[in-house]
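# Structural overview for review
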Amino acid sequence: QAGRNQPAHGKAYWAHTARVYPQLIRRPDFNYPDIGRIQVSSDASVVAVTAQSCVTPPCPENRTQSTVFPRRGQPQRYDGSVVLSPNGAWALRIVEPRGASVRISVVHLETRRETTLYEGIGSGCPDCHSIADDGTAALTLVSLELFGPGGLHIERPGIAWRATISADGQVVAWEWDQGIY
């Protein structure tokens, strides 16, 4: 980077056996310069990069935007954070408009079809939610809630903080007020 006109932060790269390729470089004067989360699908065909609008606190209007670099086609931009499924076919989209409200939806990345799963008070923490290869989502809204294809909705009583679902959607682990389950 020495002697180049690049910012000191806000960069994401593809690393290959032969060389490193710049994937995304955000200038400090760009709207979303602070890259905070990078995810890669299990076969490395899809990459999701989440960035924030504020680099140095205090951040009165800190907004989040995600860019998904899909298998085919152009990059897709979404307001909010995304959580990528292991196969890269699905993403949870988490938007915190203002205050304690949150909107969580599931997006099929190839068709860009988006279905809202939840809107209301809850956690906008992307590390607190997870999505399986078939689009089944494990959310920690207060309790653990599972949303799946065909309108599946299961709620597990108790206070849940973080949840992870296996790629095949068969196993869910979560942290709750009684420990890890």
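Residues numbered from 1 in each chain as written. Predicted model: local features only at pLDDT ≥ 70, side-chain atom pairs only at ≥ 80, totals over all residues. Heavy atoms only, no water.

The helix and strand tally for the protein chain stands at zero helices and 17 strands. For the protein chain, the residues scored as buried account for 41% of the 181 residues in total. Put simply, 30% of the contacts in the protein chain that link residues at least 6 apart link residues at least 24 apart. Only carbon and sulfur atoms are counted for the fraction: they give 51% of the accessible area of the protein chain, which is about 10,100 Å². (Helix = DSSP H or I, 4+ residues; strand = E, 2+ residues; numbered from the N terminus. Buried < 20%, exposed > 50% of the residue type's maximum accessible area, 1.4 Å probe, protein only. Contact = heavy atoms within 4.5 Å. Areas by Shrake-Rupley, 256 points an atom, 1.4 Å probe, with all protein chains shown as cover.)

Our focus in this paragraph is the sheet that holds strand 12 (residues 137-140). With respect to topology, four strands assemble into an open sheet ordered 11-12-13-14, the strand pairing being antiparallel. Each edge of the open sheet is held by one strand with a lone partner, namely strand 11 (130-131) and strand 14 (152-156). Bridge count between strand 12 and strand 13 (residues 144-148): four bridges; the pairing is antiparallel. The residue of strand 13 that forms the bridge with A138 is L146. (Pairing = 2+ DSSP bridges.)

Another point: unusual backbone geometry. One non-glycine residue, A44, lies in positive phi territory at about 65°. Tracing the chain through its elements places A44 in the loop between strand 3 (34-40) and strand 4 (47-52). For A44, a relative accessible area of 39% puts it in the partly exposed group. Here R112, not a glycine, exhibits a phi torsion of approximately 65°, which is positive. Its location among the elements puts R112 in the loop between strand 9 (101-108) and strand 10 (113-121). Note on R112: relative accessible area 45%, which makes it partly exposed.

What follows concerns the environment of V82. Relative to the assigned elements, V82 resides in strand 7 (residues 81-84). For V82, a relative accessible area of 1% translates into the label buried. For V82, the residues in contact, after removing those within four places along its chain, are R37, Q39, A48, T50, S66, V68, A91, L92 and R93.

The next subject is the sheet that holds strand 7. Read from one edge to the other, the open sheet built from four strands follows the order 7-8-9-10, with strand pairing classed as antiparallel. If you trace the sheet from one side to the other, it starts and ends with strand 7 and strand 10, each paired once. Averaged over all neighbouring strand pairs, the angle between strand axes comes to 20°, with direction disregarded. By the bridge criterion, eight bridges tie strand 9 to strand 10 in an arrangement that is antiparallel. Of the residues in strand 10, the one forming a bridge with R103 is E119. (Axes fitted to C-alpha atoms, helices over the stretch in contact; angles between N-to-C directions.)

Take it as geometry only, folks, not as evidence of what the structure does.
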